[in-house]
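Per-entry structural report
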Amino acid sequence: MKSLEELKAIREKTRGQMHLRKEDGPDNTRIVVGMATCGIAAGARPVLAAAVEQVSRRSLEHVAVTQTGCIGVCRLEPIVEVYVPGSEKVTYVDMNPEKMEKVIAEHIVNGRIVTEYTIGANE
Amino acid sequence: MTELSLYVLDIVQNSITADASRIDVNLVERLGTLTFEVKDNGRGMSAEMAEKVTDPFTTSRTTRRVGLGLPFLKLAAEQTGGSLELSSELGVGTSLSALFQTEHIDMVPLGDFAGTVVTLIQGAPDIRFVIKRGRDDKEYTLDTDELREVLGGDVPLNEPDVLTWINDYVTENELSL
């Protein structure tokens, strides 16, 4: 059974690294997942989970994963917006966990937009 | 929606949007019924608004004129022979209770409840969630203030290792119900 002792150990392990992670920093890349009724019904929950997991696994320190409400194009949900400082916002549509992993590897890590998943390619 | 847990995620988002600082979620299965309750201390709504929120053509959003969250929940409950009740007071908060008949063929399965809990806490790590789950005579509780006490202010609840712990905690407790 999971115990509060384990949580204490996580605290000890993590607190030293906290200064590295500046969630609201202006230099941060933001990955924003639409989590309104439309997004949830279309499968946004596992997309968000994949984003959180990948950012953690790859130890991406200047990347914040956040949630928002309805982005406005419900038929293209799940929708993920990526804000890289100094670049235009990129909107990915009809997402799933596999596509999310690819966006993190290609766009977030290597800086190459995955054009085929963007709203421009879909329209 | 295909899982009751997705309805829970969607409905609790309403409380987050209403700026609640504390949200109580109860999900209890007993004697062939499942009761899903949410109580928040958000901004609440007028009696007039509370009266018509289960109408899809009523919404607080400004981007569009339809809102489907509560109508979906009402339909899901009623199609099992259950019901939805909601009460709210401006400046005080909102409570809702959805009753499901679990033996009914149209009952949606619970699905990934741990995934819903983790998603809520990831999106709103500063809110106090008190989540109670019960089945027959067994139950468990997750109170994020207790976790916060152990983590002691310097590690937020949306830290990935903490979210993984929460996911495992809920998953294990679900199996023990």
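Residues numbered from 1 in each chain as written. Chains lettered and ligands numbered in written order. Predicted model: local features only at pLDDT ≥ 70, side-chain atom pairs only at ≥ 80, totals over all residues.

To continue, consider the interface of chain B and chain A. Contacts between chain B and chain A engage 29 residues on the former and 23 residues on the latter. Among the elements of the structure, helix H1 (4-17), helix H3 (69-78), helix H4 (113-123), helix H5 (144-151) and helix H6 (160-176) of chain B are those that each provide at least two residues to the side of chain B that touches chain A. Here the side of chain B that touches chain A gets eight residues from one element, more than from any other, and that element is H6(B). Split by residue class, the side of chain B that touches chain A holds 14 nonpolar, eight polar and seven charged. (Contact = placed C-beta atoms within 7 Å. Helix = DSSP H or I, 4+ residues; strand = E, 2+ residues; numbered from the N terminus. Nonpolar A, V, L, I, M, F, W, Y, C, P; charged D, E, K, R; others polar.)

Attention now goes to the pairing of strand S3 (residues 83-89) of chain B. Put simply, side chains in a regular strand alternate between the two faces of the sheet. Residues and elements named next belong to chain B. Of the strand pairs in this sheet, S3 and strand S4 (residues 93-101) are connected by seven bridges, and their pairing is antiparallel. Each bridged residue has a counterpart across the sheet, and for Ser87 the counterpart in S4 is Ser95. A loop of three residues connects S3 with S4, the two strands running antiparallel in sequence, and Gly91 in this loop sits at a positive phi of about 80°. (Pairing = 2+ DSSP bridges.)

Let us look at H5(B). Buried within H5(B) we find B:Thr144, B:Leu147 and B:Leu151. With its buried residues spanning 55° around the axis, H5(B) presents them on a single face. The exposed set on the far side of H5(B), more than 90 degrees from its buried face, consists of B:Asp145 and B:Glu149. As for H5(B), its buried residues are in contact with helix H1 (4-15) of chain A together with H4, strand S5 (128-135), strand S6 (138-143) and H6 of chain B. (Buried ≥ 20, exposed ≤ 12 C-beta atoms within 10 Å, placed from the backbone. Arc of directions from axis to C-beta.)

Below, the discussion takes up H3(B). Note that an α-helix has 3.6 residues per turn; residues three or four places apart therefore point the same way. Burial within H3(B) is extensive, with seven of its 10 residues counted as buried. When H3(B) is considered as a whole, its buried residues turn out to be B:Gly69, B:Leu70, B:Phe72, B:Leu73, B:Lys74, B:Ala76 and B:Ala77. Looking at the buried residues of H3(B), the elements they touch are helix H2 (37-42) of chain A together with H1, S3 and S4 of chain B.

Take the pairing of strand S1 (residues 29-34) of chain A next. Residue and element names in this part refer to chain A. Both S1 and strand S2 (residues 63-68) contribute to a ladder of six bridges, which runs parallel. Each residue of the ladder has a partner; that of Val33, found in S2, is Gln67. Summarising the sheet, S1 and strand S3 (residues 80-83) pair through four bridges and their orientation is antiparallel. Bridging from a neighbouring strand, Ile31 pairs with Val82 of S3.

Next up on the list: the confidence of the model for chain B. Put simply, chain B has an average pLDDT of 92, and 97% of its residues get 70 or more. Per the prediction output, this complex has pTM 0.92; the corresponding ipTM is 0.88. (pLDDT = per-residue confidence, 0-100.)

Let us now look at the sheet that holds strand S4 (residues 90-92) of chain A. All names here are of chain A. As summarised here, the arrangement of the four strands in space is S2-S1-S3-S4, forming an open sheet in which the pairing is mixed. Whereas interior strands pair on both sides, the edge strands pair on one side only; in this sheet they are S2 and S4. Taking each pair of neighbouring strands and ignoring which way they run, the sheet shows an average axis angle of 20°. (Axes fitted to C-alpha atoms, helices over the stretch in contact; angles between N-to-C directions.)

The next point concerns the sheet that holds S4(B). Residue and element names in this part refer to chain B. Read across the open sheet, the six strands follow the order S3-S4-S2-S1-S5-S6; overall the sheet is mixed. Both outer strands of the open sheet, S3 and S6, are each paired with one neighbouring strand and no more. Taken pair by pair, the neighbouring strands of this sheet meet at an average axis angle of 5°, ignoring direction.

All right, on to the environment of A:Ala42 then. Mapping A:Ala42 onto the fold places it in helix H2. With 20 C-beta atoms counted inside 10 Å, the residue A:Ala42 sits in the buried group.

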